[in-house]
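Breakdown of the fold
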Amino acid sequence: QVQLVESGGASVQAGGSLRLSCVASGYTGSANCMGWFRQGPGKEREGVATIDSDGSSDYTASVKGRFTIAQDNAKNTVYLQMNSLKPEDTAMYYCAAASHYCRWPLLPTDFRYWGQGTQVTVSS
């Protein structure tokens, strides 16, 4: 069993930055893909960024150049650095883990383990 705990969500003005953290515990050896999803009001849950166990990363087009996913294996932690935030980034952000290597497009059903979500609100 893998447990994921997210933190770092907050309210911020447009143009600001936030760093989200996801700490994994339990048996994590089978988690070959870590992903960040988000879901805004009235929208589908959207894959935002992924990182494989080998460190390879990818992003949805709307956040490329603004968001960076990173991992610290010693701390079992995955981060999402979000810069130049826009109001359209407002959403509940979720950390998730899958046993397969990351593949796009991201499907929520491919991810077995989920964090509780952390709210990001960007005001104009």
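Anyway, here's the lowdown on the structure attached to this text. Predicted model only: the values in this text are computed from it and were never measured.

The next thing to look at is the overall build of the protein chain. Scanning the protein chain for helices and strands turns up zero helices and eleven strands. Reading the secondary structure of the protein chain in the N-to-C direction produces β-β-β-β-β-β-β-β-β-β-β. Principal axes of the C-alpha set define a box for the protein chain whose edges measure 40 × 25 × 25 Å. Considering the protein chain as a whole, with its 124 residues, one finds that 44% of them fall into the buried category. Taking the intrachain contacts of the protein chain between residues at least 6 apart in sequence as the baseline, contacts between residues at least 24 apart amount to 60%. Summed over all atoms, the accessible surface of the protein chain reaches about 6,200 Å², with 48% contributed by carbon and sulfur. The positive charge centre, built from 10 side chains, and the negative charge centre, built from 10, are 3 Å apart in the protein chain.

The final tally for this structure, using the stated rule, is four salt bridges. For Arg38, the salt bridge is made with Asp89, and the minimal N-O distance between the two is 2.9 Å. Of the two residues, Arg38 sits in strand β4 (residues 33-39) while Asp89 sits in the loop between β8 (77-82) and β9 (91-98), which places them 51 residues apart along the sequence. For Arg38, a relative accessible area of 7% puts it in the buried group. Salt bridges sharing common partners tie together Arg38, Glu46, Arg66 and Asp89.

Moving on, we come to the environment of Ser30. With respect to the secondary-structure elements, Ser30 resides in the loop between β3 (18-26) and β4. Ser30 gets classed as partly exposed once you look at its relative accessible area, which sits at 32%. Here the alpha-carbon distance between Ser30 and Ser99, two residues 69 residues apart in the chain, equals 5.3 Å. Setting aside chain neighbours within four positions, we find Ser30 in contact with Ala98 and Ser99.

Okay, the nonpolar core next. With 28 residues, the main nonpolar core has Leu4, Met34, Trp36, Leu80, Met82 and Tyr93 as its most contacted residues. Filtering out sequence-adjacent residues up to four positions away, Tyr93 remains in contact with Glu6, Leu20, Trp36, Phe37, Arg38, Val48, Phe67, Leu80, Met82, Gly117, Thr118 and Val120.

On to the state of the cysteines. Per the stated rule, a full pass over the model turns up two disulfides. Two residues, Cys22 and Cys95, share a disulfide whose sulfurs are 2.1 Å apart. Negative torsions about the S-S bond denote left-handed disulfides, and the value of about -75 degrees found for Cys22 with Cys95 makes this one left-handed. Of the two residues, Cys22 is situated in strand β3 and Cys95 in strand β9; the sequence distance between them amounts to 73 residues. The pair Cys22 / Cys95 is uniform in exposure class, with both members buried. Residue Cys33 pairs covalently with Cys102 via a disulfide, S to S 2.1 Å. Disulfide Cys33-Cys102: torsion about the S-S bond near 110 degrees, hence right-handed. With Cys33 in strand β4 and Cys102 in the loop between β9 and β10 (113-114), this pair connects stretches of sequence that are 69 residues apart.

Basis of the calculations
Residues numbered from 1 in each chain as written. Predicted model: local features only at pLDDT ≥ 70, side-chain atom pairs only at ≥ 80, totals over all residues. Heavy atoms only, no water. Helix = DSSP H or I, 4+ residues; strand = E, 2+ residues; numbered from the N terminus. Buried < 20%, exposed > 50% of the residue type's maximum accessible area, 1.4 Å probe, protein only. Contact = heavy atoms within 4.5 Å. Areas by Shrake-Rupley, 256 points an atom, 1.4 Å probe, with all protein chains shown as cover. Lys, Arg positive; Asp, Glu negative; His and termini not counted. Charge placed at Lys NZ, Arg CZ, Asp CG, Glu CD. Salt bridge = Lys/Arg side-chain N within 4 Å of Asp/Glu carboxyl O. Core = buried A, V, L, I, M, F, W, Y, C linked by side-chain atoms within 4.5 Å. Disulfide = S-S within 2.5 Å.

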